[in-house]
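Next come the chains, spelled out residue by residue.
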Amino acid sequence: MNLSGFTFIVTEDCNFNCSYCYQKKDKKYMDFSMVKKAVDFFSPFFDDECHISFYGGEPLLAFELIEETVDYFRRKKLNKKLQFALTTNGTELTETMLEFFYRHKFSLLLSFDGPAQEVCRKKGSYAKVLSVL
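Given the structure is predicted, the values throughout are model-derived calculations rather than measurements.

Asker: Help me understand a nonpolar patch on the surface, please; the structure alone is not making it clear to me.
Answerer: A contiguous nonpolar patch, built from Leu 110, Leu 130 and Leu 133 and spanning about 280 Å² of accessible area, is present on the exposed surface. Take Leu 110: it is sitting in strand S4 (residues 107-110). With relative accessibility at 32%, the residue Leu 110 sits in the partly exposed group.

Asker: Would you explain helix H1 (residues 32-42) in this entry?
Answerer: Since the α-helix packs 3.6 residues into each turn, any two residues three or four apart lie on the same face. Those residues of H1 that sit buried are Val 35, Ala 38 and Val 39. When H1 is viewed along its axis, its buried side chains cluster within an angular range of 95° and face the same direction. With respect to the buried face of H1, the exposed residues turned more than 90 degrees away are Lys 37 and Phe 41. The elements touched by buried residues of H1 are strand S1 (3-11) and helix H2 (63-76).

Asker: What am I meant to see in the pattern of salt bridges here?
Answerer: Any two side chains of opposite charge can pair if their charged atoms end up close together. Inspection of the entire model under this criterion finds four salt bridges. The partner of Lys 76 in a salt bridge is Asp 40, and the shortest N-O contact between them spans 3.1 Å. Remark: Asp 40 occurs in helix H1 and Lys 76 occurs in helix H2; sequence separation between them is 36 residues. Residue Lys 76 is classed as partly exposed on the basis of its relative accessible area, which comes to 32%.

Asker: What is the right way to look at the packing of H1 against H2 in this model?
Answerer: When two helices pack together, their arrangement is given by the angle between the helix axes and by the axis-to-axis distance. One can describe the packing of H1 onto H2 by two numbers: an axis separation of 10 Å at closest approach and a directional angle of 35°. Relative to H2, the crossing made by H1 is right-handed. On the side of H1, the interface is formed by Phe 32, Val 35, Lys 36, Val 39 and Asp 40, while H2 contributes Leu 65, Glu 68, Thr 69, Tyr 72, Phe 73, Arg 75 and Lys 76. Its residues assigned to classes, the contact of H1 with H2 shows six nonpolar, one polar and five charged.

Asker: Where do I start with the side chain of Glu 58 in this structure?
Answerer: Summarising the element assignment, Glu 58 is placed in the loop between strand S2 (46-56) and H2. Within polar-contact distance, the side chain of Glu 58 engages the backbone nitrogen of Asn 89 at 2.8 Å. Sequence-distant contacts of Glu 58, that is, excluding residues within four places in its chain, are made with Thr 11, Asp 13, Cys 14, Asn 15, Thr 88, Asn 89, Gly 90 and Glu 92.

Conventions used here
Residues numbered from 1 in each chain as written. Predicted model: local features only at pLDDT ≥ 70, side-chain atom pairs only at ≥ 80, totals over all residues. Heavy atoms only, no water. Patch = residues over 30% accessible without salt bridge, like charges linked within 9 Å, V, L, I, M, F, W, Y side chains within 5 Å. Areas by Shrake-Rupley, 256 points an atom, 1.4 Å probe, with all protein chains shown as cover. Salt bridge = Lys/Arg side-chain N within 4 Å of Asp/Glu carboxyl O. Helix = DSSP H or I, 4+ residues; strand = E, 2+ residues; numbered from the N terminus. Buried < 20%, exposed > 50% of the residue type's maximum accessible area, 1.4 Å probe, protein only. Arc of directions from axis to C-beta. Contact = heavy atoms within 4.5 Å. Axes fitted to C-alpha atoms, helices over the stretch in contact; angles between N-to-C directions. Left-handed = near helix turned anticlockwise from the far one by under 90°. Nonpolar A, V, L, I, M, F, W, Y, C, P; charged D, E, K, R; others polar. Polar contact = N/O pair within 3.5 Å; in protein donor to acceptor, adjacent residues only side chain to side chain.

As structure tokens, then:
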């Protein structure tokens, strides 16, 4: 078995309550011991190039865990080309996070409703995401 991709759902928690979202909004977070177990078990099956994704709820609510996870991958020194990605609504992004994503060559996928975001997600979130962009 070769894995070309692996996704961590780091939290079910979210700062929005979108009517169309299938994700439960429980305040559950993955802990680092689970990350270590998953990496240790599955990494031998990673393709030479493997996409590691972070997803949630809103994964940026678990940013410290994402940092720890990337650091753990780096310390393991796998002879693999890892490509990191994260799906976010963008409202929790900070300059520190953006620098981290740039440094580790993350691909970011932004879930953004445009002006409808004010109605479907949360008042003020449209302007917040635009300011980050």
